[in-house]
Each structure stands twice: as structure tokens, then as C-alpha cells.
Amino acid sequence: MSKSSHLRYLGSFVRKPEPQITVTNLQPHIDYVSPAHRLSNIRQIRYGKKKDETAAERTLRLYATELHEWNHRYWEQQNQQYINLKQQLLTEIDGIDGEEEVERIMGEFYRSYLLSNKDNFNSYTAQWRKYNLRLVFLSARAQGSRVVRTVRNSVSRSKS
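Summarised in this report is the structure supplied together with it. All figures in this text were calculated on a predicted structure; none of them were measured in a lab.

Remarks on helix H4 (residues 118-159)
In a regular helix each residue adds 1.5 Å, so 42 residues correspond to 62 Å; H4 covers 61 Å between its end C-alpha atoms and thus fits that length. Of the positions making up H4, those classed as buried are Phe121, Tyr124, Leu138, Ala142, Ser145 and Arg146. Tucked inside the fold, the buried residues of H4 contact helix H2 (55-92) and helix H3 (99-116).

Re the packing of aromatic side chains
The geometry of an aromatic ring pair is captured by two quantities: the separation of the ring centres and the angle between the planes. In this structure the tally under the stated criterion is 13 aromatic pairs. Measuring from centroid to centroid gives 5.4 Å for Trp70 and Tyr124, while their planes differ by 15°, and the two rings are stacked. Here Trp70 is found in helix H2, whereas its partner Tyr124 is found in helix H4, with 54 residues between them in sequence. Among the aromatic residues, those joined into a cluster by ring pairs are Trp70, Tyr74, Trp75, Tyr82, Phe109, Tyr110, Tyr113, Phe121, Tyr124, Trp128 and Tyr131.

Structural notes on the pairing of strand S2 (residues 43-46)
Pairing between strand S1 (residues 32-36) and S2: three bridges, direction antiparallel. Counterpart to Val33 in the pairing with S2 is Ile45. The hairpin turn running from S1 into S2, its antiparallel successor, is six residues long, and Asn41 in that turn takes a positive phi close to 65°.

Digging into the packing of H2 against H4
At a closest axis distance of 9 Å, the pairing of H2 and H4 adopts a crossing angle of 160°. Compared by their axis directions, H2 and H4 come out roughly antiparallel. Considering the relative orientation of H2 and H4, their crossing is left-handed. Residues that form the contact of H2 with H4 fall into these classes: 15 nonpolar, eight polar and four charged.

Focus: the side chain of Arg146
Checked against the element boundaries, Arg146 lands in helix H4. Given the relative accessible area of 18%, Arg146 is considered buried. Apart from the residues within four sequence positions on either side, Arg146 is in contact with Lys50, Asp52, Glu53 and Glu57.

What about the environment of Tyr131?
With respect to the helices, strands and loops of the structure, Tyr131 is situated in helix H4. With 64 residues separating them along the chain, Tyr131 and Leu67 place their C-alpha atoms 7.3 Å apart. With residues up to four places along the chain from it excluded, the contact list for Tyr131 reads Tyr63, Leu67 and Trp70.

The rules behind each value
Residues numbered from 1 in each chain as written. Predicted model: local features only at pLDDT ≥ 70, side-chain atom pairs only at ≥ 80, totals over all residues. Heavy atoms only, no water. Helix = DSSP H or I, 4+ residues; strand = E, 2+ residues; numbered from the N terminus. Expected span 1.5 Å × (residues − 1). Buried < 20%, exposed > 50% of the residue type's maximum accessible area, 1.4 Å probe, protein only. Contact = heavy atoms within 4.5 Å. Phe/Tyr/Trp six-rings, centres within 6.5 Å; stacked < 30°, edge-to-face > 60°. Pairing = 2+ DSSP bridges. Axes fitted to C-alpha atoms, helices over the stretch in contact; angles between N-to-C directions. Parallel < 35°, antiparallel > 145°, perpendicular 65-115°, else oblique. Left-handed = near helix turned anticlockwise from the far one by under 90°. Nonpolar A, V, L, I, M, F, W, Y, C, P; charged D, E, K, R; others polar.

This is how it looks when you write it as C-alpha cells:
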């Protein structure tokens, strides 16, 4: 099999350039979402800060930012490891003839990769669930603080 035949396998890890996005006049109270990162495949989020942000909303914004960065770092590292191992395998099988044989080898590689990282993936999933439950709690608390503030403002305006 020639090198050009392996290109469909190479396409999944050939580095793509980061999109060059120039944004001007960012408004600090608006959330911004980027295109997917080339390695982690995670969209970066810049959470906006509301002008009258409550303490609970600030805690939520900071926690969500930290969680999102943790998730991005994990998948960036995981995907880089996978890409390196896959590149190493493709180099080793470069001279093999027969598309079916290459597909069999790639299938075995992927299966063994998943099995060897099973504990790591399970640990990540457990942590992700725990962090997301806390995110839900903080979201509810932030929404409650916003409702309380709105009611207080309405009551104080009606008294005046």
C-alpha cells in the first residue's frame, strides 16, 4: 500500500491551523464561544460578567470557567497522546499491502487503546459528573440570587 493510501488515516491527526478570528468591541457582559480547538475539539468559552453580577453568579461564572478549562486540558492531553501513538503505528505499518490488513491493524490499535485507557476514561467520567452536579447546584443558587434581587428591587421601587 502506498503512502497516499494512508492519507485517509493521516487526515484525522494532521494539524489544522487555528482559525484566525479577530473580534473587536467585545462586550464584557456577553458570553463568547470559539470554534472547536484543533486538538481538544472543545469550543473555548469566555463567560461574560454581568454589570450587576451577584456573588452567587460570580461564583458560578468562575467555577464554570475553571471546569471548562479543566475539560479542555484533559482532552487536549488525551487527544495528543492518541495522535502520537497513532502516528507511531502508521509509521510502523507504512509498507503493509492490502487495505483490509491496514484496517484490521487500525481496529486492533483502537480497541487496545480504549482498553488500556479504560480506568483513565472512567475516572474522568466520574469527575466530570461530580463537577457537573456542582455546576447545576451553583446555577440554581445563582438563579435564586437573581430572583431575590429582582423581587427586592421591585419591592423597593413600589415603596418609593
